[in-house]
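Architecture and fold: a report
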Amino acid sequence: MIDIASQLAHIVGERFVSNNPEEAFFYARDPGLMPAHKPDYVVVPKTASEIQEILRLASRERIPVVPMGAGMSLTGLVIPLRGGIVIDMKRMNRILEVNEKARYVIVEGGTSHGALKAYLDKHCPRLRHSIPDSPATATVAANVMIHGQGRLTQQYGFNSDMVSGLEVVLPSGEICTIGSCALSPYWFSKGAPLPDLTGLFLGWFGATGIITKVALKLYPRKKMRDVEIFVTDRDDLVPDMVYELTHTEMVEDINIFAQPMPMIFKDNHHITLFITGDTDEELEFKRKMVWNCLDGFIKSKDGGFMSVPPVMKPTLLDMPQRSVSRFADVKKGGGFEYSGPIIPVETYPACTRKVMELGSKYDLAYSAMARVIGRNHAMMFGFAFTFNRADPQMMERTRKALEEGGEFALAAGGVFWKPTIDEQRLALEKMDATTRDLMKMIKENLDPLGIMNPGNWEVV
Amino acid sequence: MKYEDIVHRCFRCGYCKFTGDYIDFNCPSYRKFFFESYSPGGRMWLIRAWLNDEIKNSDRFQEILFSCATCANCMEHCVFTFSDDLVNVFLAAREEMVNQGIIPPAVRDYLKNINISGNPYKEPADERGKWAEGTSVETYDGQDYLLYIGCVGSYDERAKKIARAVGDLLAHAGISFGILGDRETCDGNEVRALGEMGLFQFLAEQNISLFKDLGIQRIITMDPHAFNAFKKDYPGLGGTFEAYHYTQILAPVVASSKIPLKDYRAKVTFHDPCYLGRHNGEYEAPRKILHAIPGLEVIEMDQSKENAFCCGGGGGNFFTDILGGGDESPNRIRVRQAHSTGANIVAVACPQCAKMLDDAIKLEELDDKLEVLDVAEIVMRALDQPT
Ligand SMILES: Cc1cc2nc3c(=O)[nH]c(=O)nc-3n(C[C@H](O)[C@H](O)[C@H](O)COP(=O)(O)OP(=O)(O)OC[C@H]3O[C@@H](n4cnc5c(N)ncnc54)[C@H](O)[C@@H]3O)c2cc1C
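Along every chain, residues carry numbers that run from 1 in the direction the sequence is written. Chains and ligands are labelled by the order in which they are written, letters from A for the one and numbers from 1 for the other. Residue-level local features of this predicted model are given only where pLDDT is at least 70; pairs of side-chain atoms are given and counted only at 80 or more, and the full residue set underlies all totals for whole chains, interfaces and linings. Each side-chain value is derived from all of the structure's non-hydrogen atoms; neither hydrogens nor water enter the calculation.

This next bit is on the overall build of chain A. A run of H or I in DSSP counts as a helix once it spans at least four residues, and a run of E counts as a strand once it spans at least two, with each numbered from the N terminus. Looking only at helices and strands, chain A features 15 helices and 19 strands. Computed over C-alpha atoms, the radius of gyration of chain A comes to 22 Å, within 12% of the 23 Å expected from 2.2 N^0.38 for 460 residues, which places it in the range of a compact globule. When its C-alpha atoms are laid out on the principal axes, chain A stretches across 75 × 55 × 45 Å. Each residue gets one of three labels from its accessible area relative to the maximum for its type: buried under 20%, exposed over 50%, partly exposed in between, using a 1.4 Å probe on protein chains only. Across the 460 residues that make up chain A, the buried fraction comes to 63%. In this treatment the radius of gyration is a C-alpha quantity, and the globule benchmark scales as 2.2 Å times the residue count to the 0.38 power.

The next subject is the interface of chain A and chain B. The contact rule is simple, with two residues in contact once any of their heavy atoms fall within 4.5 Å. The partner chain B presents 42 residues to the 47 residues of chain A that form the contact. The term buried area means the drop in 1.4 Å probe accessible area that two parts suffer when joined, counted for both and summed. The three residues of chain A that bury the most area against chain B are Arg15, Glu22 and Phe26 of chain A, which together make up 19% of that side's buried surface. Only one rule defines a salt bridge in this text: a Lys or Arg side-chain nitrogen within 4 Å of an Asp or Glu carboxyl oxygen. Counting the contacts that link chain A with chain B gives four salt bridges. Here a polar contact is recorded for every N or O atom pair within 3.5 Å, except that within protein the pair must consist of a potential hydrogen donor and a potential acceptor, and residues adjacent in sequence are included only if both atoms are side-chain atoms. Remark: the boundary between chain A and chain B carries 15 residue pairs in polar contact (both at pLDDT 80 or more). Counting only elements with at least two residues in the side of chain A that touches chain B, the list comes to strand 1 (17-18), helix 2 (21-26), helix 4 (113-123), helix 11 (322-326) and strand 16 (334-339) of chain A. In terms of residues, the side of chain A that touches chain B owes the most to one element, helix 2 of chain A, which gives five residues. The classification used treats Ala, Val, Leu, Ile, Met, Phe, Trp, Tyr, Cys and Pro as nonpolar, Asp, Glu, Lys and Arg as charged, and all other residues, Gly among them, as polar. Its residues assigned to classes, the side of chain A that touches chain B comprises 21 nonpolar, twelve polar and 14 charged.

Residue and element names in this part refer to chain A. An automatic or database domain assignment provides the domain bounds reported here. The domain architecture assigned to chain A consists of domain 1 (4-88), domain 2 (95-220) and domain 3 (224-411). Contacts between domain 2 and domain 3 engage 17 residues on the former and 23 residues on the latter. When the two sides are added together, the surface that domain 2 and domain 3 hide from each other amounts to roughly 1,600 Å², 50% of it contributed by carbon and sulfur. Three residues, Asp133, Arg151 and Gln154, lead the burial of domain 2 against domain 3; their summed loss comes to 48% of the area buried on that side. Here domain 2 and domain 3 share three salt bridges between them.

All names here are of chain A. Burial along strand 4 (residues 85-88) is two-sided: Ile85 and Ile87 facing one way and Val86 and Asp88 facing the other are all buried. A pair of strands counts as paired when DSSP detects no fewer than two bridges linking them. Where strand 2 (residues 41-43) meets strand 4, three bridges bridge the pair, whose relative direction is parallel. Each residue of the ladder has a partner; that of Val43, found in strand 4, is Ile87. Here strand 3 (residues 65-68) pairs with strand 4 via four bridges, running parallel. Among the inter-strand pairings, Val66 is bridged to a residue of strand 4, identified as Val86.

Quick look at the domain arrangement of chain B now. Residues and elements named next belong to chain B. One can read the domain layout of chain B as domain 1 (4-103), domain 2 (114-250) and domain 3 (257-382). Put simply, the middle of domain 1 and the middle of domain 3, counted by C-alpha atoms, are 26 Å apart. Every contact between the two is made by 25 residues of domain 1 and, on the other side, 23 residues of domain 3. Summing both partners gives a buried area of about 1,800 Å² for domain 1 against domain 3, and 54% of it is carried by carbon and sulfur. A salt bridge links Arg31 to Glu328, with the nearest nitrogen and oxygen atoms 2.8 Å apart. There are 16 residue pairs in polar contact (both at pLDDT 80 or more) connecting domain 1 and domain 3. Mapped by element, the contributors of at least two residues to the side of domain 1 that touches domain 3 are helix 2 (28-33), helix 4 (59-66) and helix 5 (73-77). With five residues, the single largest contributor to the side of domain 1 that touches domain 3 is helix 2. For the side of domain 1 that touches domain 3, the class distribution of residues is ten nonpolar, eight polar and seven charged.

Our focus in this paragraph is the site of the ligand. Definition of nearness: a residue and a molecule or strand are near each other if at least one heavy atom of the residue lies within 4 Å of the molecule or strand. Near the ligand lie 39 residues; those nearest to it are Pro67, Gly69, Met72, Ser73 and Gln149 of chain A. Around the ligand the close residues trace back to chains A and B. The contact in question runs from an oxygen atom of the ligand to an N or O atom on the side chain of Ser73 of chain A, over 2.5 Å. Between a nitrogen atom of the ligand and a main-chain N or O atom of Ile211 of chain A, the distance comes to 2.9 Å. Reported accessibility uses the Shrake-Rupley method at a 1.4 Å probe radius. Residues are deemed covered only where the shown protein chains occlude them. A total of 980 Å² of accessible area belongs to the ligand in isolation, and the protein chains cover 98% of it. Broken down by secondary-structure element, the contributors of at least two residues to the shell around the ligand are strand 3, helix 5 (140-145), strand 10 (210-217), helix 11 and strand 16 of chain A. In terms of residue count, helix 5 of chain A provides more of the shell around the ligand than any other element does, four residues in total.

With that settled, consider helix 1 (residues 4-12) of chain A. Residue and element names in this part refer to chain A. Residues of helix 1 that are buried include every one of Ile4, Ala5, Leu8, Ala9, Ile11 and Val12, and no others. Seen from one end, helix 1 has its buried residues packed into an arc of 160 degrees, which puts them on one side. Packing partners of the buried residues in helix 1 comprise strand 1, strand 2, helix 3 (48-61) and strand 4. For helix 1, the N-terminal cap is Asp3; the gap from its side-chain oxygen to the backbone nitrogen of Ala5 is 3.1 Å. Of the residues one or two after helix 1, Gly13 is the one with positive phi, at around 95 degrees. It is the directions from the helix axis to the C-beta atoms whose arc is reported.

This part is about a positive patch on the surface. Residue and element names in this part refer to chain A. A cluster of like positive charges, contributed by Lys101, Arg103, Arg126 and Lys223, occupies part of the molecular surface. Mapping Arg103 onto the fold places it in the loop between strand 5 (95-99) and strand 6 (104-108). Overall, Arg103 belongs to the partly exposed group, its relative accessible area being 37%. To count toward a patch, a residue needs a relative accessible area over 30% and no salt bridge; like charges are then connected within 9 Å, while nonpolar side chains (Val, Leu, Ile, Met, Phe, Trp, Tyr) are connected within 5 Å. Note on charges: Lys and Arg go in the positive column, Asp and Glu in the negative column, and His and the chain ends are not counted at all. Where a charge lies is defined by one atom per residue type: Lys uses NZ, Arg uses CZ, Asp uses CG and Glu uses CD.

This part covers unusual backbone geometry. All names here are of chain A. Note that the residue after Ala192, namely Pro193, is joined by a cis bond; omega there is 5 degrees. With respect to the secondary-structure elements, Pro193 resides in the loop between strand 9 (175-178) and strand 10. Of the consecutive residues Met319 and Pro320, the connecting peptide bond is found in the cis state with omega at -5 degrees. Position of Pro320 relative to the elements: it lies in the loop between helix 10 (313-317) and helix 11. The phi angle at Leu74 is positive, at roughly 75 degrees, despite the residue not being glycine.

Below, the structure is given as C-alpha cells:
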C-alpha cells in the first residue's frame, strides 16, 4: 500500500501536507450549518504543476479531491463529503499580469479579492474589479466558480460574466487554457468568438477541474464615490423603483436591505445606491438623475431619500463592506448563513415577506439583503439569518428557515445560488430532464472516476 | 478557561489575517505555515474543539498555539466587538496548557530558566549590568528615571550594543536616570505571553516591591516588551509607575534640537515593534527621531504602523524559535520587505526585533546591502559624524 501522505509531501513539500487531527477538524467544516466531514489530507500547493501531480495521484489512487478558497461560500461546498484531499488554494496568490489598456488582470487560483483590490489601489488607480462583500479573504477563482456578484454586477452582470480567460487543471492532471488565451498571448475573452468552454467549469464547484489562473475584466475607476439611500415601506413598489433606477444607467450598484433592527429600520426597505464620478459635476449630474427618476414615488409619499449620516457613509462605502460580516455576531454567537437564490426582481415583495415570516416563525434575527444583477435582469435575494454557534437549537431552527426560504424562492421562479447538496438535488430534480442528462454527460466525461468534489452536481 | 465565553463567537472570516488594506497576509504564523489552523480564526476554532474534547493537546496543537507571535495584528483587524480579547484568548489557552504541564519543550526550558536564574540565558545576575561598563551610565540612586534594560539587552551581545547606545544617548541628552545593574530581574512579559501566569505574578510582584523600595516612580525601558508589562500589566498588581519607551523620552529632546545632530546620509526604513506599536499605540516617537536627523531619508514599508509585519519574535518565539526556520519565516519575510524599499538600514526600536532581523539578513545574504540598527544607534552615528 502506498503512503499517500509521503507522496503528497513529495509533491508539495512536507510542511504543506497535513493528516493531523487539527487540520482534519478545521477543514471538515465551513462557517455555515452543513454537517462536518473530515478530509484525510490537507495540502497547500504553490504551483499549477503541483496541482497536476496531486490530481494524477488522486486519479491513480481514486481519492476524492476538494478545492477550497476561503471557505466563505457557507453552504458546505468545501466540505469533503467523502474525505480525501482538500486543496487549500490560498498559497497560489500571485497577481500575474495587468493589461491596463485592455483592462484585464490575470491572477492565480488562490488570489483573494482583498489582495487584488489592494494591488489595483496601489498600482492601477484608474482600474477596478467587481469586488463582492464577502470577507476580503474570499478568492477570485472561487467567486467566479460559484457565479458570485460584486460592486459592478448591476452594470456588467455576474462576476463570472466578467471572466476573460481561465487556466484549468483537469481531473486527469492535464492542464488547459480556456478562451482567447488558448491561442493568443492575450486573455481578453473567455469564449467569443470561439465556443465558450468556461461553462464546463464555472458553476461546477470544482467538480470538473481546478482553476489555477483566472483573467478578470477590469473597469474604469472613477475618482469619487458616494451613496444614497431611498427608503420605502411599500415592498410592492420596490421592483418598479429598481426598474426606474436601472433605466437611468447612472448607478454603480444597487443593494436593498430590510431588517427589524435597529428600530428605525423596521418595516422599511432601504434601496442603497452607489454613484461614481470623476468630477463633482459628474457626480451631481448622476445624483440629480437618480433623484429625478424616483420623483413620482416621493410625490405619492411612497418613499424618500434618507439623509445618510456621515458616520454611516464609510461603513457603506467600504469595499468589501466589513459590516456584512459583523452580522454574524448579532446574537453574540459567531454564526451567519444565507440562502441567496437568484430571483426575478418582481418576486422581491414575496421573498421579503417570506424572510420576515421565517424570522418570526423560527424566532431568529434576520436580514433581507438583495443585490440587483444587470439592468433589472434578476437579483440575488439573501434570506440571511444570524445564529449562536453555542446554541444547537437555534442552529437547527436556522437550518430549517434557510431550507424553507430556498424552497420558497425556487417555487417562485428563482434558482438556487451556491446551493447546498440538498438544494443541488432539488434543482436537478426540477430541471429539464435533457439538461440534466447533458450535465451528467459533461461530468462523466471530464471526471470519469468521480473524484472531483464528489457529492456536488452528481446526477444519480 | 478564561475568555471561554467568546471562543465560539469567531466566524473565521479571516479579516484578522490581513493588513487593513489587504495588501498581504499579516499574521506571521499563518504566513509561514499557510494552513488555516495557524491563523487566529483557526486557533479560535481549535481551542473550542479542544475545550469540547473534539481534539487533544498534541505536539501539533502546541505548535499551533505557541507559534502565535502575539503581534496583535488580529486584534487590529478583526471586525468583531471581541477583537481586543483575541490575544487574551490565546494566552488563556496557553495558560491552561501550562497548568496541565503539556507544553513544547522549548517553552518549558524557557520558563525553567527564568524560574531558576531570573533570565532565559542561565547567566548569573551579576553579569546583568556589565553592558554599562565603560559608559557614564550610573546605578539607580534616586534619579528621575529608572532605565530598565531587560534580559535581552543585558545578556545578548548584539542587544548589549543597543543598551550602550541607549544609555549613552540618554546621558548625552541630560536625562537623569540610573540602572539596577545586578539587582534587575526579568520583567516577565514573555513569561506571561507563554502562559505561566503564576511565575509572571511572582516576577511582577518582586519587581514592584523593589521599585517601590527604591522610590522609583518613572521607568524608561529599552525593550518594548518590558514597556508593555510595566504599562499594562503591573498596575493590576499594584505597580503604578509611569512607564516610557526610550524613544518617547528622546523624541522631544531630539525635536527641540537640544542634541546637535550632524548630517547622516542614509536611506532608512522603520520596522514597528509590535509591543510599541499595535500593543501600545506608539508609532510616532521613533519616526520623529529619525525625521529629525539631517540627511536621513525615511522610507515606509507597505506594511507599517498598524499594518506592520511582525519579525516573528513576539509571544516568546524569540526564545522558543517555534516560528523560525525556512525561507518563509517572518523575520526573513520582513527583511525582504525592508530590502524592497531600497533602504540600506532597517531601523528598529526593540532588541528582540534587532536580533531577529539581523539573523534574517544573514540568511537572505543581504549583509552587504542592508544593516539593522536601533534608532539609538542611528542617532549615535549622527552624533559621531565628522563635521
Ligand atoms: C459576510 C459575507 C458576505 C458575502 N457577500 C458576498 C457578495 O457580496 N457577493 C458574492 O458573490 N458572495 C458573497 N458571499 C459569499 C462568498 O463568500 C463569496 O462568493 C466568495 O467569493 C466565495 O469565495 P471562497 O474563496 O470563500 O470560496 P469557497 O467557499 O472556498 O469555494 C467555493 C466553491 O468553489 C470551489 N473552488 C474554490 N477554489 C477553486 C478553484 N481554484 N478551482 C475550482 N474550484 C474552486 C470550492 O470547491 C467550492 O465548491 C458572502 C459571504 C459572506 C460570509
